[in-house]
Amino acid sequence: MANRTRGLGVVLALAITALAVLAVGTTASGQAKFKVAFNTDTNGLNDKSFNFLGNKGRLKAQKELGIDTKVYVATAEADYLPNAVAAAQWGAQAVVMNGFLLADATNTAAKQFPNIKWAITDYPRVALTDQPTNAYGLVFKSEQSGFLVGYLAAEMVKAKIGPYGKLKSKLVVGAVGGKKIPSVDNWIAGFRAGAKAYDKRFKVLIDYSGDFINATAPKCKELALKHVSQGSGAEFQVAGGCGLGTLQAAKQAKIWGIGVDADQAYLGSHILTSGVKRVDTAVYDFYKLARDGKLGTGRDVVFDLKNKGQDVGKISKKVPKGFVTKMNVQKALIIKGKIKPPATL
């Protein structure tokens, strides 16, 4: 990535000059409209997960905030920085770079275009190489939602209530992550803590596929089936497109699957619930703060259960109401700060 960044130095320098002559949109009163851009990773806008949610936030901002928006879809990692330059050339005043894979491009673009506000989702500003003062991290307390779905999974597995009948599993649940990075591990750390909070005897099996791409779904399925062979009654996917394989394994084994980021209840009756990360809320809020001039210098904007940046998705109708009530008691305690789920393993 470093070599590619240096190779585009001239392009970036020319783009800075080009910004001076770009025309911007105007309102009916003749005032320039605020312009924002949204840059995806390589999973596309229809991933029904991270990019889909971020773009949903963009569309909401366009409708409700009266701003101009544009989306740039990457088809390869080599597109990340050129897409950032293109957003700057278009005249964007605030840009969201969606996901940790765009960290190097975010760092470089923020340095080269200091008058633009740059945000990266799911990645803390302090982790950017140069920590530009015009860069912002949109970060999530995913361990909070992870705790809740882990608690609910433990309730169901201990009661042996399955999606298609009685579970034969032991006091075991599993999680399949993509890459072992902080934004994956905080989900899993919370999940493990939630299961053990319900019953400390629970064993939580953890594996990583090494990728998030849909093409690696068979790998995630294989790992989840390994957990099933060890007695798992619920599998939590934290691996993007690859994680769909985890949920396929859950359906095949007639145990519970738990979605991530977006509400994945649409996949079928084997979905217990989902740990929901409101990327759409984060993107919308960033654009609004930028438009209103309320961002200040570079910092992290944190999203959690309290400000509804984290949540739990649709819950299976097979879950007893009493189980949901118990989970919601845990939710209230987390919001009050009386329970603090761990963010690391």
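Please read these numbers as outputs of a predicted model, since none were measured by experiment.

Caption draft 1: Quick peek at the sheet that holds strand β6 (residues 172–177). Pairing within the open sheet is mixed, and its 6 strands lie in the order β7-β6-β8-β9-β10-β12. Because the sheet does not close on itself, it has two edges, and the strands there are β7 (203–208) and β12 (310–312). Here the strands of the sheet are splayed against their neighbours by 15° on average, with no regard to which way each runs. Relative to strand β9 (residues 256–261), strand β8 (residues 234–238) runs parallel, the two sharing 3 bridges. Residue pairing in the sheet places Ala234 in a bridge with Trp256 of β9. Seen against the sheet, helix α6 (residues 142–159) touches β6, β8, β9, β10 (271–277) and β12 and runs at an angle of roughly 170° to β10.

Caption draft 2: Highlighting the pairing of strand β4 (residues 117–121). Burial within β4 is extensive, with 4 of its 5 residues counted as buried. Following the chain from strand β3 (residues 94–97) across helix α5 (residues 103–112) to the adjacent parallel β4, one finds a crossover that is right-handed. One ladder, built from 4 bridges, connects β4 with strand β5 (residues 135–140); its direction is parallel. Each residue of the ladder has a partner; that of Ala119, found in β5, is Tyr136.

Caption draft 3: Region of interest: the nonpolar core. Judged by nonpolar contacts, the single largest core of 38 residues is most densely connected at Val173, Phe191, Phe236, Ile258 and Leu272. Listed by contribution, the elements that provide at least two residues to this core are α6, β6, α7 (182–198), β8, β9 and α11 (321–335).

Caption draft 4: Local environment of the packing of α6 against α11. The interhelical angle for the contact between α6 and α11, taken along N-to-C directions, is 155°, at an axis separation of 10 Å. Considering the angle they form, α6 stands roughly antiparallel to α11. In this structure, the crossing between α6 and α11 has a hand that is right-handed. Taking contact as the criterion, the partners of Gln144, Phe147, Leu148, Tyr151, Leu152, Glu155, Met156 and Ala159 in α6 are, on α11, Phe323, Lys326, Met327, Gln330, Lys331 and Ile334. Within the contact of α6 with α11, the residues separate by chemical class into 9 nonpolar, 2 polar and 3 charged.

Parameters and conventions
Residues numbered from 1 in each chain as written. Predicted model: local features only at pLDDT ≥ 70, side-chain atom pairs only at ≥ 80, totals over all residues. Heavy atoms only, no water. Pairing = 2+ DSSP bridges. Helix = DSSP H or I, 4+ residues; strand = E, 2+ residues; numbered from the N terminus. Axes fitted to C-alpha atoms, helices over the stretch in contact; angles between N-to-C directions. Contact = heavy atoms within 4.5 Å. Buried < 20%, exposed > 50% of the residue type's maximum accessible area, 1.4 Å probe, protein only. Right-handed = clockwise from strand over helix to strand, strands pointing away. Core = buried A, V, L, I, M, F, W, Y, C linked by side-chain atoms within 4.5 Å. Parallel < 35°, antiparallel > 145°, perpendicular 65-115°, else oblique. Left-handed = near helix turned anticlockwise from the far one by under 90°. Nonpolar A, V, L, I, M, F, W, Y, C, P; charged D, E, K, R; others polar.

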